[in-house]
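# Overview (structure and organization)
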Amino acid sequence: MILPFVPPNPLAETISVSFSTRDKGEIDHIISFFESKGGVSSFTFTVNQQYYASPGITSETDVTSSDELALKVICSSWNKVHNYGDYWSVSATFMRVYE
């Protein structure tokens with residue numbers, strides 16, 4: 001069987017996020033959420049439009065309010081770091097998906 005050629009997404013976007021110096025329970029909750037998505041199920045990530053410019057914004061339906069933009073993303077990689085005491089941080093890379 002010959003599979004059709006699927007070109008790479010020309011609008012591929014990644015977003016680096018960080019949840020810094022949070023208590024261990026909150027970090028564990030964030031990581032549990034990422035794990036529940038299995039790196040393939042999308043979720044909505046809301047950003048402030050003022051700090052986010054994207055060539056992929058093509059529809060007003062992406063805009064949730066005058067200041068916010070709802071993006072569909074997946075998260076397949078993250079890193080948990082111990083800061084001190086009961087405080088931890090997690091950094092993650094979100095990849096925008098178009099559903």
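Residues numbered from 1 in each chain as written. Predicted model: local features only at pLDDT ≥ 70, side-chain atom pairs only at ≥ 80, totals over all residues. Heavy atoms only, no water.

### Details of unusual backbone geometry
Phi is positive for T21, which is not a glycine, with a value near 50°. Residue placement: T21 occurs in strand 1 (residues 14–23). Among the residues examined, T21 registers a relative accessible area of 38% and is labelled partly exposed. (Helix = DSSP H or I, 4+ residues; strand = E, 2+ residues; numbered from the N terminus. Buried < 20%, exposed > 50% of the residue type's maximum accessible area, 1.4 Å probe, protein only.)

### Topic: the confidence of the model for the protein chain
The share of residues in the protein chain with pLDDT of 70 or more is 73%, and the mean pLDDT across the chain is 83. Per-residue pLDDT, averaged within each element of the protein chain, yields its smallest value for strand 2 (residues 43–48) (90) and its largest for helix 1 (residues 24–37) (97). (pLDDT = per-residue confidence, 0-100.)

### Considering the pairing of strand 3 (residues 68–84)
With six bridges connecting them, strand 2 and strand 3 associate as antiparallel partners. By the bridge assignment for strand 3, F45 is matched with L71. Pairing analysis gives ten bridges linking strand 3 to strand 4 (residues 87–96), with the strands arranged antiparallel. By the bridge assignment for strand 4, S77 is matched with T93. Hairpin connection, strand 3 to strand 4: the antiparallel pair is bridged by two residues, and G85 has positive phi, about 50°. (Pairing = 2+ DSSP bridges.)

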